[in-house]
Amino acid sequence: MAEAWRNITTVGALPLAITDNMNFGNPEKPEIMGQFAYAVRGMAAACIALDFPVVSGNVSLYNETDGAGILPTPTIGAVGILADANDLIGGLPHAGDVAVLIGATHGHMGQSALLAEAFGIEAGDAPPVDLVAEKTHGSFIRANSKAFHACTDLSDGGLALAAFEMAEGAGLGLTLTASDIATLYGEDQARYLVALPASRADALMAQAATQGIPAAKVGQFGGDTVTLGGESAPLAALSALYRGAFAKAVA
């Protein structure tokens, strides 16, 4: 729910409501009913904290094969409203734009995409969600939407993937100053990456500081090379790998 709320916020819109699809195993088994009950409690907490009510949905239970239930799979669809099209954050980074990270980074690696995809490890707890921070940071993004050329939330893959996707979409290289794995690929929540002119970056960070919102310059967009800390590679090669991965996987 927090990510759905952030996804709407990244375009400058106000999140309004969700629909859900609750997919679980056999609720007659106590452990399965526990999964379902706690998922509903968590969703309810998010609905209240984010002013993000459920307006429709459905439940699918008894999903199992040979007595083994599916993983608990609550699915969220969300809608929001953009009152004025001029408030849309719909662009791409420009060459020379500064990358500013909104939100605190602690380097949470549990259940991360890096561990799963690169090392085949699914271990640890998922990152904790601070609903107060989610709402505060999202409100800050919407209030400053006109300052940004582009905005994305951080989720799977953390800072490195979010920044690469923004840069690659614009056909630009990227330099991130961080070099440690946890900072680059950790999946801490309530975070956004924005691209804006250098002339606006200091004012944005000063405003964030007055509101107690973590904000930091983490890099810059431009050139034809992707640099993460001390490692670099041509944008063209990484883009080809990125764009061709799905076709290769299903070939």
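Check the entry above for the structure.
This is a predicted model, so every value here is computed, not measured. (Residues numbered from 1 in each chain as written. Predicted model: local features only at pLDDT ≥ 70, side-chain atom pairs only at ≥ 80, totals over all residues. Heavy atoms only, no water.)

Engineer: How would you explain the layout of surface pockets if you had to name every residue and give the values?
Structural biologist: Here the largest pocket is characterised by a volume of approximately 1,200 Å³. Along the wall of the largest pocket there are 30 residues; nearest its centre are M1, E3, A126, P127 and Q189. Among the secondary structure elements, those contributing two or more residues to the lining of the largest pocket are helix 1 (2-9), helix 2 (30-50), strand 5 (73-81) and helix 3 (113-119). Broken down by class, the residue content of the lining of the largest pocket amounts to 17 nonpolar, seven polar and six charged. Estimates place the volume of the second largest pocket at around 730 Å³. In terms of lining residues, the second largest pocket is bounded by 19 residues, among which L161, F164, Y185, L241 and Y242 are the most central. (1 Å grid on protein atoms, 1.4 Å probe; cavity = no way out; pocket = protein on both sides within 12 Å on 5 of 7 lines; lining within 4 Å. Points joined across faces, edges and corners; volume = space filled by probe spheres on them. Helix = DSSP H or I, 4+ residues; strand = E, 2+ residues; numbered from the N terminus. Nonpolar A, V, L, I, M, F, W, Y, C, P; charged D, E, K, R; others polar.)

Engineer: Which residues make up the nonpolar core, and what values do they have?
Structural biologist: Counting 32 residues, the largest nonpolar core has V100, I102, I141, F148, V194 and L204 as the members making the most contacts within it. When residues of this core are traced back to their parent elements, those giving at least two are helix 1, strand 1 (14-23), helix 2, strand 6 (98-102), helix 4 (131-143), strand 9 (192-196) and helix 7 (198-210). Considering each element in turn, this core owes the most residues, seven residues, to helix 2. With residues up to four places along the chain from it excluded, the contact list for I102 reads F140, I141, A190, R191, Y192, L204, I213, P214 and A215. Core analysis: the next-biggest nonpolar cluster, separate from the first, contains 23 residues, A99, L154, L174 and L235 among them. (Core = buried A, V, L, I, M, F, W, Y, C linked by side-chain atoms within 4.5 Å. Buried < 20%, exposed > 50% of the residue type's maximum accessible area, 1.4 Å probe, protein only. Contact = heavy atoms within 4.5 Å.)

Engineer: Mind laying out the side chain of T227, listing which residues take part and the relevant values?
Structural biologist: Mapped onto the fold, T227 is located in strand 11 (residues 225-228). A polar contact of 2.7 Å, which involves the side chain of T227, links it to the side chain of S232. Each residue touching T227, except ones within four places of it in the same chain, is listed here: L174, T175, L176 and S232. (Polar contact = N/O pair within 3.5 Å; in protein donor to acceptor, adjacent residues only side chain to side chain.)

Engineer: So what's going on with the sheet that holds strand 7 (residues 150-153)? Residues and values would help.
Structural biologist: Sheet architecture is open: seven strands sit in the order 7-9-6-10-8-11-12, paired in mixed fashion. Two strands lie at the open edges of the sheet, namely strand 7 and strand 12 (231-234), each paired on one side alone. Across the sheet, the mean angle from the axis of one strand to that of its neighbour is 20°, orientation sign disregarded. Pairing of strand 6 with strand 10 (residues 215-221) involves five bridges; the strand directions are antiparallel. Each bridged residue has a counterpart across the sheet, and for L101 the counterpart in strand 10 is A216. Along the sheet face, helix 4 touches strand 6, strand 7 and strand 9 and points at about 15° away from the line of strand 9. (Pairing = 2+ DSSP bridges. Axes fitted to C-alpha atoms, helices over the stretch in contact; angles between N-to-C directions.)

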